[in-house]
Amino acid sequence: MSRFVLLNGPNLGLLGRRQPHLYGTSTLADVETLLRNRLVGTGATLDAFQHDVEGELVAFLGRVFLDHEEHKVKTLGVVFNPGAYTHTSIALRDACEILAQAGISVVEVHLSNVFAREPFRHHSYLSPVAKGVVVGLGAQGYALALEALLSHNGLA
C-alpha cells in the first residue's frame, strides 16, 4: 500500500474559522477532501493528522519513518503545514530531514504569504530540508504541494 500524508500543526484545526481574512474559509476537512479526491485512481491513499503539540507532530513523523522502513506502508510524500512551529522547531526540522534521507519528500505549505507578514515569520527551519515550499496560495497550496509530490513519484 502507498500513501501520502497530510500533516498540520498548531491552530490549523481551526481553519475556516480562525482569521479567515488571512487563512481563508476552507476547513481542514475541506482540504482533506480536496486531496483525497485528487488521489482517486492513483492507487495511493491519504493519511491526515493535525495536532497543536510539537512532540505529537514529531512522534507522528517518527511513525511515518518507521512504517516506511519496516515496509508496513510505503509513504510517497508528506504535505506539511507546520504553522508557527515553522519558525521555532528544530525537532520538526530534524524529523523532516530523517524522512528526506529515507527518500520521503516533504513539501512545506503555508496558507498565507509569510513573507508579507511579521519579520519573525520570514525564517523557516524546515525549508532547507523540504523538497519544496508553497506559500500564500490558501487551501489551493495544499493541492499544488500534492501535485508536486504526485509528479515526483510518477503519478501525475
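Predicted model only: the values in this text are computed from it and were never measured. (Residues numbered from 1 in each chain as written. Predicted model: local features only at pLDDT ≥ 70, side-chain atom pairs only at ≥ 80, totals over all residues. Heavy atoms only, no water.)

Draft legend 1. Representation of the pairing of strand β4 (residues 105-110) in the model. The element β4 is largely enclosed, with a buried count of six among its six residues. In β4, alternate side chains face the same way, and those of Ser 105, Val 107 and Val 109 on one face and Val 106, Glu 108 and His 110 on the other are all buried. Pairing analysis gives four bridges linking strand β3 (residues 74-81) to β4, with the strands arranged parallel. Bridge pairing in β4 links Val 79 to Val 107. In this region the chain leaves β3, passes through helix α4 (residues 90-101) and returns to the parallel neighbour β4; the handedness of that crossover is right-handed. Two elements, β4 and strand β5 (residues 132-135), share four bridges in a ladder whose sense is parallel. Among the inter-strand pairings, His 110 is bridged to a residue of β5, identified as Val 135. (Buried < 20%, exposed > 50% of the residue type's maximum accessible area, 1.4 Å probe, protein only. Helix = DSSP H or I, 4+ residues; strand = E, 2+ residues; numbered from the N terminus. Pairing = 2+ DSSP bridges. Right-handed = clockwise from strand over helix to strand, strands pointing away.)

Draft legend 2. Fine view of the nonpolar core. Of all hydrophobic cores here, the largest spans 24 residues; its most connected members are Phe 4, Leu 35, Val 79 and Tyr 142. Those elements giving two or more residues to this core turn out to be β1 (2-8), α2 (28-39), β2 (44-50), β3, β4 and α5 (140-152). Take this core: its biggest share by element is six residues, from α5. Setting aside anything within four residues of it in sequence, one finds Leu 35 in contact with Leu 6, Leu 46, Tyr 142, Ala 143 and Leu 146. If you look at the next biggest cluster of nonpolar residues, it comprises 17 residues, including Val 5, Leu 7, Leu 99 and Ile 104. (Core = buried A, V, L, I, M, F, W, Y, C linked by side-chain atoms within 4.5 Å. Contact = heavy atoms within 4.5 Å.)

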